[in-house]
Amino acid sequence: MAGSFGETLRRIREGKGISQARLATEITYSKSYLSKIENDLKAPTADIAKRCDSVLGTGGVLSALVRSVAAAPNEAVEEDPDEQVWVVVMDGEREHRFHQLPRRLAQAGLGLPPGFALSGSAHAEVDELTLAGLQTSFGHYRRLGTMSGPATVLMQVVSHITVLRTLAAGDHPAHIRAQLLLQASRAAEYAGWMSQEAGDEQAALWWTRRAVRYATAGGDEHLASYAHVRQAEIALYRQDPLTTIELAARAQDDRAAGPRILGLAARCEAQGHALAGDTGAFECALDRASCLLAEREPTASPLGSSSVSDEIALARGWSLFDLGRPGEAAEVLDRHVPDMAVDARRARARFGARRVLAHAAAGELDQACTLAHDVLEDAAHVDSATIRTDLRHLVRITARWRTHPAVQQLRPALSTALRLPSAGA
């Protein structure tokens, strides 16, 4: 962490327009001593950090940074203080956004909303009861994510990861530290998914890489294979079948990864083959995925979606549309989408949008438009960039029937969902 405190102190001081001599006077230290602190020739103390916080009005940022420096030797995973990391910051008073900051500033809480900077220590005792409570908290975030937008849960999940990583830096038994890191890995994987839903592929890939790093430190050598699955899914939404297939196949190279990861990879491969129009390869990969996903793995937080009961049937319906068989796709999705739980809004909107597309492409415009209104209601709650991909496709399909009464009635609501000017504007 060399240079982290001194550079941060200098940046804040200069940003406030305060000279080094004036700050030294106000904290009752000599200018030469303060100069050594800012140039990393002296290690900062808790006392000088508190005094600087008070004079500069930083709300405890520098004190938090001193605590992070003190905790660094116990880090279970070596971190680069100058590495750019993603943090949630306030954009005025309107909304939270993700930005990149050097790690040392992120750990100190710079740019974060009040109260978000970590104020505790890494020395709290952790036992199995604590681990269970942390896992339950993450389960609540996942459930909230099934029915609300990514902005609702991302900030909480990032904070949760920070808590887990900080606890893992403490002096705990090896099995406790491993469990904390594995929980951090699952939370980071979920943060990646929510980032993708928010339309930020760069953040999605960044969080996925972090998930792999935490998992490896926690003793799980196979999550790297799942990272290929996540990358394949991003390629799938980019309409890039070859990259999707290549990444999904790479994920399956690790035969010891377990049936869940291998099954998700095979399912993604099948979807890539469907996008490429290869029916035979699609059926082969989907059959393989069906067998793998039928095997049960005991895990407190399963990888991938946990809000759909029949992943294979839904993937088949999804892919039949890509294979140019919209009528068959509509039949499959008609059987399974209505059975989804009411609070599984994200899944209902995702597969519901594909169901609407299938009916529209099959020429069943009235049915497509009737179903679309419910899909748009769910989509408004979950604010998903990936779902909007299919809604934009629906705009293109229905453009051929602009004068159809049901299409005309749907277009304003569809334009609103896509944040486009309404028809006739």
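Quick caveat: nothing in here was measured; it's all calculated off a predicted structure.

## Some details on the pattern of salt bridges
Throughout the structure, instances matching the rule amount to 21 salt bridges. A salt bridge links R10 to E38; the nearest nitrogen and oxygen atoms lie 3.9 Å apart. A residue pair is termed long-range when its members are at least 10 positions apart, and R10 in helix α1 (residues 4-15) and E38 in helix α3 (residues 31-38) qualify at 28 residues. Measuring nitrogen to oxygen at the nearest pair gives 3.9 Å for the salt bridge that ties E311 to R267. Of this pair, E311 sits in helix α15 (residues 311-322) while R267 sits in helix α13 (residues 259-276), and the two are 44 residues apart along the sequence. Residue classification places R267 among the buried positions, given a relative accessible area of 12%. Each of R230, E233, R260, R267 and E311 takes part in a single network of salt bridges with overlapping partners.

## Re the environment of G6
Along the chain, G6 turns up in helix α1. The residues contacting G6, other than those within four sequence positions of it, are I37, E38 and D40.

## Notes on helix α14 (residues 279-293)
The end-to-end C-alpha separation of α14 is 21 Å, in line with the 21 Å expected for 15 residues at 1.5 Å each. For α14, the full list of buried residues reads F282, A285, L286, A289, L292 and L293. All buried residues of α14 lie within an arc of 120° about the axis, which places them on one face of the element. Of the residues flanking the start of α14, the one acting as N-cap is D278, its side-chain oxygen 3.4 Å from the backbone nitrogen of G280.

## With respect to unusual backbone geometry
A positive phi angle is found at D40, which is not glycine, with a value near 65°. Inspection of the secondary structure puts D40 in the loop between α3 and α4 (46-56). One non-glycine residue, D383, adopts positive backbone phi at about 50°. Looking at the element boundaries, D383 is found in the loop between α18 (365-382) and α19 (385-398).

## Looking at the packing of aromatic side chains
Geometry of an aromatic ring pair is reported as the spacing of the ring centres plus the angle between the planes. Applying the stated rule across the entire model yields six aromatic pairs. Between F138 and Y190, the ring centres sit 5.8 Å apart and the planes meet at 85°, which makes this aromatic pair edge-to-face. Of the two residues, F138 sits in helix α7 (residues 128-145) while Y190 sits in helix α9 (residues 174-197), which places them 52 residues apart along the sequence. Residue class for F138 comes out buried when judged on its relative accessible area of 2%.

## A short note on the packing of α9 against helix α11 (residues 223-237)
If you want to describe how two helices pack, look at the angle between their axes and the distance between the axes. α11 packs onto α9 with a crossing angle of 5° between their chain directions and a minimal axis gap of 12 Å. Judged on the interaxial angle alone, α11 and α9 are roughly parallel. Across the interface between the two elements, S185, R186, E189, G192, W193 and Q196 from α9 touch L223, Y226, R230, E233, I234 and Y237 from α11. Here the residues of the contact of α9 with α11 are counted per class, giving five nonpolar, three polar and four charged.

Calculation rules
Residues numbered from 1 in each chain as written. Predicted model: local features only at pLDDT ≥ 70, side-chain atom pairs only at ≥ 80, totals over all residues. Heavy atoms only, no water. Salt bridge = Lys/Arg side-chain N within 4 Å of Asp/Glu carboxyl O. Helix = DSSP H or I, 4+ residues; strand = E, 2+ residues; numbered from the N terminus. Buried < 20%, exposed > 50% of the residue type's maximum accessible area, 1.4 Å probe, protein only. Contact = heavy atoms within 4.5 Å. Expected span 1.5 Å × (residues − 1). Arc of directions from axis to C-beta. Polar contact = N/O pair within 3.5 Å; in protein donor to acceptor, adjacent residues only side chain to side chain. Phe/Tyr/Trp six-rings, centres within 6.5 Å; stacked < 30°, edge-to-face > 60°. Axes fitted to C-alpha atoms, helices over the stretch in contact; angles between N-to-C directions. Parallel < 35°, antiparallel > 145°, perpendicular 65-115°, else oblique. Nonpolar A, V, L, I, M, F, W, Y, C, P; charged D, E, K, R; others polar.

Take it as geometry only, folks, not as evidence of what the structure does.
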